[in-house]
Structure formats: C-alpha cells, structure tokens
Amino acid sequence: MSDIHPFDDPERLRLLLVDVHYGGDRPWEHDPDVAQLMALTTRKYADLAAKHHRDPAEATAAAWDVMRTRAARIADDPWAVITHAVALHMFYEERAQGLLCGTDQVRTDDVTDFHDADRISDHETNLADFHPSFWSFDDLSGVDDPLAVDPDSEEPDEEPTNAWVALETAVEFFVDSGWSRPAAQMALECIAARLIRTGNKRSTFESLRRDPSIRCHLDIDQDPWIAVLHAVLGHDQPNLEHTAAGRGILKRLLTGERYDELFHLTGIADVIANAAPVAPGRAHA
C-alpha cells in the first residue's frame, strides 16, 4: 500500500482503515498512507471548520477519532460516517463556545432555547432597554378602570384595550384570585416578554413549559404552571384555537371582555386560584 491511493473512493478508504487497524503496533502513527489521508482530511474539512469558526486542526482531530472506530470500517460509505460525525462535532463545539459551557451540556435539550452569551458592550443600547429581565410596568392599580363605561357619557368608548392595560388587568385578576402581587407580576410579565420575543403563542407555551427557572422562583409545580400558561395564553392545541379553551386571559381582555367577566369563567378562575404559590414571599418581582 505504498502507492498513492485515491482516498475519495469509499472502498479504497475502507481498505486503508481496515489495514491500519489490524496492522500491528502503532500503525496509525507510522503508516505513510495515514499521513497522506490526514492531509487530505484537513483540506476536505477546512471549509466546514471555517463555517463553525473552528480551527481546521479540530476537524482533522475529530475525523481521526471517527476513522479509528468500527462504524467507519464497516460503513458502506466511510466518508459519509466521518463527515456526519465531524459536522456534529463542529456544531457542538461552536454552540458550547457561544454558551460558555461544555459540549456535553449542549447535547441535551436543557439549553435549546438559550442564545449565545454576549457582552453588554456589544449592544449600542443600554442593557435595560433591550433585555426583558429589566422591563417593568407602571402600577395602574390606583387608576380608574379604563374598561369601565361612564353611564353619564353620551359617547361610547370605542378605543380597544391595549396590551399594557390588558397585562395590568390580568395581574389584578391573579391578585384577586389569591396570588401575591410580586408573584402575579413576575409570572405575567415573563409570559408577556416571552410572547413578544417569540411572536407565537405555541412557541411561547413550549418555551415556558421547558424553562424551569420561572417555576423555581414562583415555587410552583410543573402541572399548575402548565395550567397557568393555558389560562393566560389559551390552549396550544391547533384544533382548539377557535374555541373558548383557545382564548386565554390576555386575548379575552384584548378583544373587549370586561374584568368582572373573567370571574364567571369557572375553569380559568379556579385554575388561577389553585395554582397560587404556597409561599408567595419567595417570588421575586
């Protein structure tokens, strides 16, 4: 096997892998064909490494590890196995670097919804202006209910409820249902912020369902939290989109339902009351 081999041919590559695997002590380190193969591998995966902002040597090292496995030796197309493994390795390395964690963590679903870490100085605006964690809403509890109709007024109020008023009204509904105000504000503001970011009810539901951080702050279990999400956002099943179950508290308020009407919705009112945190002092506003 001293001649130059066209290693792009899967059959020739497999023969080389088998030969060096059973070729005695340390054949990988001393076989001249292996050196030629690794030079080809470096050129082959240079663009893939650049795509993921990695050094070509990392791709070559990942390919080296795969070439020495049984899966590569017995595959119909060893290059397909190697390329797939190297591509995954590059992706996970890039994701781990962006999240400042290990590759084992990014291979799980726990960080699926997280974005890469970034520096505050990378943004032209102040952190408080663009990050939802620093958003706050004015306390309108002392302001007259904008949904109430003045009986002495001859002109009907045709202005629809805006999102901010709907959110504050929802907070009041939670408080009157047994929640502490800090817990109610935190839960609803987090839901609203996630809804603004995703722009989609189903995506918001899935993101919040899998995010344990808010539940930990509120000190409520998974099932009550999912029930709260259904109550606020409406049920996430497509076949219920246009039913009563598909209309959550926020949508009901935005479409003109009055505050007192929410308490006549036995299912929603009971869900909110039953999900109230046992220890509201642990919630962080």
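This is a predicted model, so every value here is computed, not measured. (Residues numbered from 1 in each chain as written. Predicted model: local features only at pLDDT ≥ 70, side-chain atom pairs only at ≥ 80, totals over all residues. Heavy atoms only, no water.)

A. Local environment of the overall build of the chain. A count of helical and extended segments in the chain gives 17 helices and zero strands. Classification of the 285 residues of the chain by burial places 36% in the buried group. Relative to all contacts within the chain whose residues are 6 or more apart in sequence, the contacts with residues 24 or more apart total 55%. Accessible area of the chain: about 17000 Å², with a carbon and sulfur share of 52%. (Helix = DSSP H or I, 4+ residues; strand = E, 2+ residues; numbered from the N terminus. Buried < 20%, exposed > 50% of the residue type's maximum accessible area, 1.4 Å probe, protein only. Contact = heavy atoms within 4.5 Å. Areas by Shrake-Rupley, 256 points an atom, 1.4 Å probe, with all protein chains shown as cover.)

B. Fine view of the packing of aromatic side chains. Under the defined criterion, the tally for this structure stands at three aromatic pairs. Summarising the aromatic geometry, the rings of phenylalanine 91 and tyrosine 92 are spaced 5.4 Å apart at their centres and angled 65° between planes, so their arrangement reads as edge-to-face. Judged by its relative accessible area of 40%, phenylalanine 91 falls in the partly exposed class. Overall, the relative accessible area of 17% leaves tyrosine 92 in the buried class. Geometrically, the ring pair formed by phenylalanine 174 and tryptophan 179 is edge-to-face, given 4.9 Å between the ring centres and 65° between the ring planes. (Phe/Tyr/Trp six-rings, centres within 6.5 Å; stacked < 30°, edge-to-face > 60°.)

C. Representation of helix H12 (residues 201–209) within the structure. Lys201, Thr204, Phe205, Ser207 and Leu208 are the residues of H12 that are buried. Projected down its long axis, H12 shows its buried positions confined to an angular sector of 170°, all on one face. Looking at the buried residues of H12, the elements they touch are helix H11 (181–198), helix H13 (212–218) and helix H14 (222–233). Among the residues of H12, the N-terminal cap falls to asparagine 200, whose side-chain oxygen and the backbone nitrogen of arginine 202 are separated by 2.9 Å. (Arc of directions from axis to C-beta. Polar contact = N/O pair within 3.5 Å; in protein donor to acceptor, adjacent residues only side chain to side chain.)

D. Main features of the environment of leucine 253. Inspection of the secondary structure assignment puts leucine 253 in helix H15 (residues 249–254). Since its relative accessible area comes to 0%, leucine 253 is described here as buried. For the pair formed by leucine 253 and leucine 167, sequence separation is 86 residues and the distance between their alpha carbons is 8.6 Å.

E. Quick look at the packing of helix H5 (residues 56–67) against helix H7 (residues 78–99). Contact geometry for H5 and H7: axes closest at 9 Å, N-to-C directions at 135°. In this view, H5 runs oblique relative to H7, as classed from their interaxial angle. Between H5 and H7 the crossing geometry is right-handed. Residues Glu58, Ala59, Ala62, Ala63, Val66 and Met67 of H5 lie in contact with H7, whose contacting residues are Trp79, Val81, Ile82, Ala85, Val86, His89, Met90 and Glu93. (Axes fitted to C-alpha atoms, helices over the stretch in contact; angles between N-to-C directions. Parallel < 35°, antiparallel > 145°, perpendicular 65-115°, else oblique. Left-handed = near helix turned anticlockwise from the far one by under 90°.)

F. Just the pattern of salt bridges, in detail. Considering all chains together, one arrives at seven salt bridges under this definition. Among the salt bridges present, the one from aspartate 8 reaches lysine 44, with a minimum N-O distance of 3.6 Å. Pair noted here: aspartate 8 is in the segment before helix H1 (10–21) and lysine 44 is in helix H3 (residues 32–44), with a separation of 36 residues, a long-range link. Here arginine 194 ties to aspartate 211 by a salt bridge, and the two come within 3.0 Å at their closest N and O atoms. Of the two residues, arginine 194 sits in helix H11 while aspartate 211 sits in the loop between H12 and H13, which places them 17 residues apart along the sequence. Take arginine 194 and aspartate 211: they sit in the same class, and that class is buried. When salt bridges that share partners are traced, they join Arg54, Glu58 and Glu93 into one network. (Salt bridge = Lys/Arg side-chain N within 4 Å of Asp/Glu carboxyl O.)

G. Spotlight on the environment of aspartate 33. Residue placement: aspartate 33 occurs in helix H3. In this structure, the C-alpha to C-alpha distance between aspartate 33 and valine 20, residues 13 residues apart in sequence, is 9.2 Å.

H. The arrangement of the nonpolar core in detail. Of all hydrophobic cores here, the largest spans 36 residues; its most connected members are Phe173, Phe174, Trp179, Leu218, Trp225, Ile249 and Ile272. Listing elements by their share of this core, those giving two or more residues are helix H10 (163–176), H11, H12, H13, H14, H15, helix H16 (259–262) and helix H17 (266–274). The next biggest cluster of nonpolar side chains, apart from the first, holds 23 residues, and it includes Leu16, Val20, Met67 and Trp79. (Core = buried A, V, L, I, M, F, W, Y, C linked by side-chain atoms within 4.5 Å.)

I. Seen up close, the packing of H10 against H11. Two elements in contact, H10 and H11, have axes separated by 9 Å at closest approach and are oriented at 140°. Overall, the two elements H10 and H11 adopt an arrangement that is oblique. Considering only the axes of H10 and H11, their crossing is right-handed. Facing Leu167, Ala170, Val171, Glu172, Phe174 and Val175 of H10, the residues of H11 in contact are Arg181, Ala184, Gln185, Leu188, Glu189 and Ala192.

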